[in-house]
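Here are the chains, one letter per residue:
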Amino acid sequence: MAVKKVIAICQLGGEFKPSKDGTLLYNGGDAHAMEIEDKMNYNDLKMEIAEMFNCSLSTISVKYFLPGNRKTLITISNDKDLKRMINFHGDGSTTDIYVTTEEIVAPDVSNMPGSRSSRTTLSEAPPSVVNDVVNDTSQLVPLPGPTFDVVDDTSHADAHIDIPNEIPFNAPFVGSSDEKLLKAAQQWQNIITGVGQRFNGVNEFRESLRKYAVAHQFAFKYKKNDSHRVTVKCKDESCPWRIHASRLSTTQLICIKKMHPTHTCDGAVVSSGSQATRGWVSGIIKEKMKLFPHYKPKDIINDIKEEYGIQLNYFQAWRGKEIAKEQLQGSYKEAYGQLPFFCQKIMETNPGSLATFSTKDDSSFHRLFVSFHASLYGFQQGCRPLFFLDSVSLKSKYQGTLLAATAADGDDSVFPVAFAVVDTETDDNWRWFLLQLKLALATCRGVTFVADREKGLKESIADIFEHEEVYHGYCLRYLSEQLIRDLKGQFSHEVKRLLVEDLYAAAYALKPEGYQRCTERIKSISVDAYNWVMQSDPVHWANAYFEGARYNHMTSNFGELFYSWASEAHELPITQMVDAVRCKIMELIYTRRTESNQWLTRLTPSMEEKLEKESVKVRLLQVLIPTGNTFEVRGDTSEFVHIEHCHCSCKVWQITGLPCCHAIAVIGCINRDPYDYCARYFTTDSYRLTYSESIHPIPNEDRPGPTDVSQVAVTVTPPPTRRPPGRPTNKKFGSQEATKRQLQCSRCKATGHNKSTCKEFVLEC
C-alpha cells in the first residue's frame, strides 16, 4: 500500500491576528518545509522541528488548522493526533504547521490561587527534576498570578515556602510525567481568581469549580448547594481549603464571598474521577466528537486519563458521550415531537411528495412513511415497473426497522423510491407501508414486487393490489434460507450447499425442461426437499413459469446501498436520520444526472455492454427463410423469433428486455436497428428522465409553538421500545444456514454429533 505523505510548511516566530470574519491570519516569523509520512511518530516530528529551528525539544508545541477551518487551531500532542492530521489533509497535499515555544516557569506559591504545598523536597524529588532545577535556574521565571481578597488565615505558614526548599505539587518542571497533563488543564488554573469574582449563574460557577479542581488536582465536596448559594470544602477533612459563593440580591449573578485558597492535603483522591460529572465529560469531548462521531467510551477514558489525570469508569464515559451527542445532534425525544411539523415541511418544500406518520393510542410513535416527488417521478418516467421490498434493523436508541421500496434504473443501479421507519417489522406495518406506497403512485398496473413471501407480504400484496394486475416474485435468498431451516439437522453442510445450488439453477432456468432437470437433481438428494420445492409456488419464483417481468432480478436485497445509508445514520434522532437519507438521495440524483449528461450512446453503459456481448454471438448463427412473421435461427439449438411480438423461444429477450443473439441475427437480416427493439427503460433518455427532478432541502426551523392555531396540535412521544442489553446483531444477507459447518460422526455417520459423544451401538467385526 502506498505511503501517505504531506508537505508541511513549518512556521515559527510569527503571531496570529483575527480577521473580520473570525479567521486567524499568521504574520511574520521563519518558515521551513518538511515531508511528513504516515509512518512518522510524534517524537520524531518534534525532534526534526527542534533541529530545524534550533530550539529546545521540551518547549515545542505543534498546531495546525483543519481543511476549510481557520478559526480553530488543533494541537498535535501524540501519535494519534499526528496520524489524524495526515489523514485530514490527504496524500500529497500541503499544510501549514505552526510551532510555538513555551518558557519553563516556576509559579510563585504565595500568589497562586489554590496552590497546594507539596510534601516533596528537593532531596526527595527524582534526580532528573533536581538537576533541571539546580543547573538551569536562569530559566525559572515567576508566573504572575492575579491578586484577590482571601479570608485571613495565619495558622498555615507553610503556604509561603520558598522554591529551593519545596516543590509545589503542580509545578510544571521539564521532564515531569505530568507535563502533558498540566498543558491540557493549565487553561483552567486561574478560572477562579478569588473573592469578588462573579459568574452568570450557579451552573457556571459549579462548572468553573470542577475545572479549577482538575487543574489544581484536588477533590472537593459540597457543604451547601442550592440555586442561590454554594459552599464547598476540600474533601480532605484536615485541609482548610474552602470557598463560599452566593447570589447577588435582585440578580442571577453568583459572587464569591469567601475563599481560603491554601491546601495542606496531597490531593490523592483527584485521580478517582469523583469530580468528573457527566456534564463535565461531555464538555471536554464535545469538540472532538464533531470530528470523530464514533468516539468510543474506552478512548474517552484513555484520553481523559492521559490529558487530565482523571480515571473515569466506563459508565461515566458513556453517559458523557450520550450527553455530548444530544447537545450536538439534538434530543431524541424532541425529534419525535417535531414529526408533524417535519412531515408538513417535506411536502411544502417538495410538492408531490408524501410524508405521513401514525401514533398509537398512547401518542407514542408507531410509523413514518416518506417518498419524495423526485423519486416518484423518476420511477414512473424512467424505471422498469419493478419494486424490491426489504428491511433493515436500526440500532438506534429506540431500535426500530427501516422498510424500503427500491427500483432498478436503466443502468441496473439502485434507485430509492420510498421508505418507512416503523417500531417493529410486523405484518400490519408492511401492509400499512404498501397502502402508503399505492397512495403515492399514480398507477401500479403491471408492477412486479420482488419480496419475501413471509411477514404477511404474500397476503398484503395480493389484497392491496388485487385490481392492479401486479405480480409477486419471491425473493430467492429468503426462499433458500427457508428451505435450509425446514430441513435443518437432516443433511450435512455439503449436501445443503448442493440443494441451494440446484434451487438457484431451477429458478434461473428459462424453459420448463431446464427447470425439471434441476428439480430432479434435488429429488435425487432428498425426496423431502423435492416435495418442499414443489409446494413452494414455483410460479412465483421460477423463470420458466413466472408471468411477471422481473428482468432476471431474483433477490430483494438489490437496495443494499440504500440500507447502508440508513445504517450510517441510525444513531441520529429520527428527523435528522430521515434528513441524512434525504441528503444521500439528493446527492445520488445530482451525481448520476451529471454523469449521464456526458454519455453519447443510445443505451446506458451497462446495457450497451450486454447488447454488444449478444451481438458477438451472431456470427455463429444461421437465419432460415421465414414462414410468415416467424424466423428460425440455428446454432447450437434451433430457436424461433417473432420480431413484431419481441419474442424468442429461448426466452432471453422476454426476460431481460434486450434482444438476444437470435433476435439480433434476424433484425440484421431485415436491415433494421437492434436499438429499436430494446426496452425503453434502458435508453439514455429514460435514464436522464429518472434523475431529472431534484430533491429540495428541508428548512431547519424550530417547531411552531402551541399558540400557533394554524398548526394541528399532535403530540408524538418516543416508542416504548428500548435497545436491549448486549451487542446488537448485524443484518446478514445471503444464505446463512447453508454456510454453517455440520458435525458428522465418523463412527455411525450420523449428523449433529461427533465420535466422542456418539451413543449409537455399532456392531464391530
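Residues numbered from 1 in each chain as written. Predicted model: local features only at pLDDT ≥ 70, side-chain atom pairs only at ≥ 80, totals over all residues. Heavy atoms only, no water.

1. Some details on the overall build of the chain
Phase 1: On a plain count of helices and strands, the chain comes out with 23 helices and 25 strands.
Phase 2: Going through the 765 residues of the chain one by one, you find that 45% of them count as buried.
Phase 3: Intrachain contacts of the chain at a sequence separation of at least 6 include 64% that bridge at least 24 residues.
Phase 4: Summed over all atoms, the accessible surface of the chain reaches about 38400 Å², with 50% contributed by carbon and sulfur. (Helix = DSSP H or I, 4+ residues; strand = E, 2+ residues; numbered from the N terminus. Buried < 20%, exposed > 50% of the residue type's maximum accessible area, 1.4 Å probe, protein only. Contact = heavy atoms within 4.5 Å. Areas by Shrake-Rupley, 256 points an atom, 1.4 Å probe, with all protein chains shown as cover.)

2. Notes on the sheet that holds strand E1 (residues 5-12)
Phase 1: Across the sheet, which stays open at both edges, the five strands sit in the order E4-E1-E7-E5-E6 with mixed pairing between neighbours. Each edge of the open sheet is held by one strand with a lone partner, namely strand E4 (30-37) and strand E6 (69-76). This sheet shows a mean twist of 35 degrees between the axes of neighbouring strands, independent of strand direction.
Phase 2: Along the sheet, helix H2 (residues 79-89) makes contact with E1, E4, strand E5 (60-66), E6 and strand E7 (94-101), crossing E5 at roughly 30 degrees. (Pairing = 2+ DSSP bridges. Axes fitted to C-alpha atoms, helices over the stretch in contact; angles between N-to-C directions.)

3. Some thoughts on the packing of helix H16 (residues 512-525) against helix H17 (residues 527-534)
Phase 1: The geometry of H16 relative to H17 is characterised by a closest axis approach of 5 Å and an angle of 140 degrees between their N-to-C directions. Of the residues in H17, those in contact with Tyr515, Thr519, Glu520, Ile522, Lys523 and Ile525 of H16 are Val527, Ala529, Tyr530, Val533 and Met534.

4. Quick notes on H2
Phase 1: Looking at H2, one finds that the buried residues are Asp81, Leu82, Arg84, Met85, Ile86 and His89.
Phase 2: The N-capping residue of H2, defined by a side-chain oxygen 3.2 Å from the backbone nitrogen of Lys80, is Asn78. (Polar contact = N/O pair within 3.5 Å; in protein donor to acceptor, adjacent residues only side chain to side chain.)

5. Comments concerning unusual backbone geometry
Phase 1: Of note in this structure, Ser363 is not a glycine but carries a positive phi near 70 degrees.
Phase 2: The class of Ser363 is partly exposed, set by a relative accessible area of 26%.
Phase 3: With a phi angle near 60 degrees, Asp537 is a residue other than glycine that sits in the positive phi range.
Phase 4: With respect to the secondary-structure elements, Asp537 resides in the loop between H17 and helix H18 (560-568).
Phase 5: For Asp537, a relative accessible area of 26% puts it in the partly exposed group.

6. As for the pattern of salt bridges
Phase 1: For the coordinates displayed, the defined rule picks out 30 salt bridges.
Phase 2: The partner of Asp303 in a salt bridge is Lys288, with the nearest N and O atoms 3.5 Å apart. Here Asp303, found in helix H7 (residues 297-308), pairs with Lys288, found in helix H6 (residues 278-291); they are 15 residues apart in sequence, far enough to count as distant.
Phase 3: Relative accessible area serves as the criterion here: at 7%, Asp303 is assigned to the buried category. (Salt bridge = Lys/Arg side-chain N within 4 Å of Asp/Glu carboxyl O.)

Keep in mind these numbers describe shape, not what the thing actually does.
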